[in-house]
Amino acid sequence: MADDILMLRKYAFPDGIRSSEDALVLFALNNSCPEQSSDWSTYFVESLSAYLVHGTEPLGRIDDANAGWLMRTIAADGAVNSALELELLLHVMELASEVPESLSAFALDQIRLALDPGARGAYRAIRPASAGITAFDLTYIWRVLRGATERGRLMLSPVEALVLREIDRLADAEAHHPAWREIIAAVAVYERPKEVLRSGPWLVTDAGHRLAREAAA
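Conventions used here
- Residues numbered from 1 in each chain as written.
- Predicted model: local features only at pLDDT ≥ 70, side-chain atom pairs only at ≥ 80, totals over all residues.
- Heavy atoms only, no water.
- Buried < 20%, exposed > 50% of the residue type's maximum accessible area, 1.4 Å probe, protein only.
- Helix = DSSP H or I, 4+ residues; strand = E, 2+ residues; numbered from the N terminus.
- Pairing = 2+ DSSP bridges.
- Contact = heavy atoms within 4.5 Å.
- Axes fitted to C-alpha atoms, helices over the stretch in contact; angles between N-to-C directions.
- Parallel < 35°, antiparallel > 145°, perpendicular 65-115°, else oblique.
- Left-handed = near helix turned anticlockwise from the far one by under 90°.
- Nonpolar A, V, L, I, M, F, W, Y, C, P; charged D, E, K, R; others polar.
- 1 Å grid on protein atoms, 1.4 Å probe; cavity = no way out; pocket = protein on both sides within 12 Å on 5 of 7 lines; lining within 4 Å.
- Points joined across faces, edges and corners; volume = space filled by probe spheres on them.
- Salt bridge = Lys/Arg side-chain N within 4 Å of Asp/Glu carboxyl O.

Asks: Explanation requested: the pairing of strand β4 (residues 153-156) in the structure shown.
Replies: Put simply, side chains in a regular strand alternate between the two faces of the sheet. Only one face of β4 is covered, namely the face carrying Leu154 and Leu156; the face carrying Arg153 and Met155 is uncovered. Taken together, the 2 bridges between strand β3 (residues 149-150) and β4 define a ladder with antiparallel strand orientation. When the bridges of β4 are listed, Glu150 appears paired with Arg153. Taken together, β3 and the strand that follows it, β4, pair antiparallel across an intervening segment of 2 residues, in which Arg151 is found at a positive phi of about 55°. The sheet contact formed by β4 and strand β5 (residues 187-189) spans 3 bridges and is parallel. Pairing of Leu154 across the sheet is with Val187, part of β5.

Asks: Help me out: how do you make sense of the sheet that holds β4 in this one?
Replies: Backbone hydrogen bonds are what pair the strands of a sheet, in a parallel or an antiparallel way. Taken in spatial order, the 3 strands make up an open sheet running β3-β4-β5, and their pairing is mixed. Where the open sheet ends on each side, the last strands, each with one partner, are β3 and β5. Lying over the sheet, helix α10 (residues 178-186) contacts β4 and β5, oriented at roughly 20° with respect to β5.

Asks: Looking at this model, I keep getting lost on unusual backbone geometry. Mind explaining?
Replies: Most peptide bonds adopt trans geometry, and most residues besides glycine take a negative phi value. The peptide bond linking Glu57 to Pro58 adopts the cis configuration, its omega dihedral lying at -5°. Inspection of the secondary structure puts Pro58 in the loop between α3 (38-54) and α4 (64-74). With a phi angle near 55°, Arg151 is a residue other than glycine that sits in the positive phi range. With respect to the helices and strands, the residue Arg151 is situated in the loop between β3 and β4. In this structure Arg151 comes out as exposed when scored by relative accessible area, which is 85%.

Asks: How should the packing of helix α1 (residues 2-12) against α3 be read in this particular structure?
Replies: Axis angle and axis distance: for two packed helices, these are the angle between their axes and the distance between the axes, and together they describe the pair. Direction vectors running N to C along α1 and α3 enclose 25°, while the axes themselves pass 9 Å from each other. It follows that α1 is roughly parallel to α3 by the angle criterion. In terms of crossing hand, the pair formed by α1 and α3 is left-handed. Residues Ala2, Ile5, Leu8 and Arg9 of α1 lie in contact with α3, whose contacting residues are Asp39, Trp40 and Tyr43. Classifying every residue of the contact of α1 with α3 by side-chain character gives 5 nonpolar, no polar and 2 charged.

Asks: I'm lost on the layout of surface pockets in this one. Help?
Replies: Over the atoms rolls a probe the size of a water molecule, and its path tells where empty space is left. Space inside the largest pocket adds up to approximately 440 Å³. Taken together, 22 residues form the lining of the largest pocket, with Val99, Ser104, Gly147, Ala148 and Glu160 sitting closest to its centre. Listing elements by their share of the lining of the largest pocket, those giving two or more residues are α6 (101-115), α8 (135-145), β3 and β4. Tallied by class, the residues present in the lining of the largest pocket amount to 10 nonpolar, 5 polar and 7 charged.

Asks: What's the story with the pattern of salt bridges in this structure? I'm lost.
Replies: Two side chains bearing opposite charge may form a pair once their charged atoms approach each other closely. This structure, assessed with the given rule, holds 7 salt bridges. Two residues, Arg143 and Glu87, come together in a salt bridge whose shortest N-O distance is 2.9 Å. In this pair, Arg143 sits in helix α8 while Glu87 sits in helix α5 (residues 83-95), placing the two residues 56 residues apart along the sequence. Notably, a salt bridge pairs Arg127 with Asp137, separated by 2.6 Å at the nearest N-O pair. Of this pair, Arg127 sits in the loop between α7 (122-126) and α8 while Asp137 sits in helix α8, and the two are 10 residues apart along the sequence. Of the residues examined, Asp137 reaches a relative accessible area of 0% and is grouped as buried. Here the residues in one salt-bridge network are Glu87, Glu94 and Arg143, joined through shared partners.

Structure (structure tokens):
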């Protein structure tokens, strides 16, 4: 695999991933690999993250268009396909100086999908088996919302807050990690005009559409 990655760096993508077509080729190669080494995982995540954040306009941040492309590419019916693509999503969000609330809501929604009675998606497969919110879930949440804290409050858009509350509704309160209650208590929703709520790209499930309607109400 190390030799294959060297060949890709030298011949296929000597200047890195430069276009959406290059990116889709890398996704296709990933899907064709039955066994993935740590070297491949690192190359896949870092190459695509660099392209999405620093290789497309607007440089350094993710806009709605790029967020929509990423969500459509890594997910089916709202659920991220694989653990590696989930890591790509998180790394893009960590690397970018700004991401739209549609992308953070989509990332948080992976936990809701894992707790739903019809549980599905890559996050369901990798999280510890628990009916409540675990330390694993909390680490994931903070990777998504690391920039949302302000003076002890968790400043969220209406859609982000509703996803967290839906997670809280689905999870078993008796099985929660103690820090979950602190997170829910710290949530503060900032007011935004209804017309600027980004309620489209990630809302591909019935529950997602319902959350958007409630946020805009």
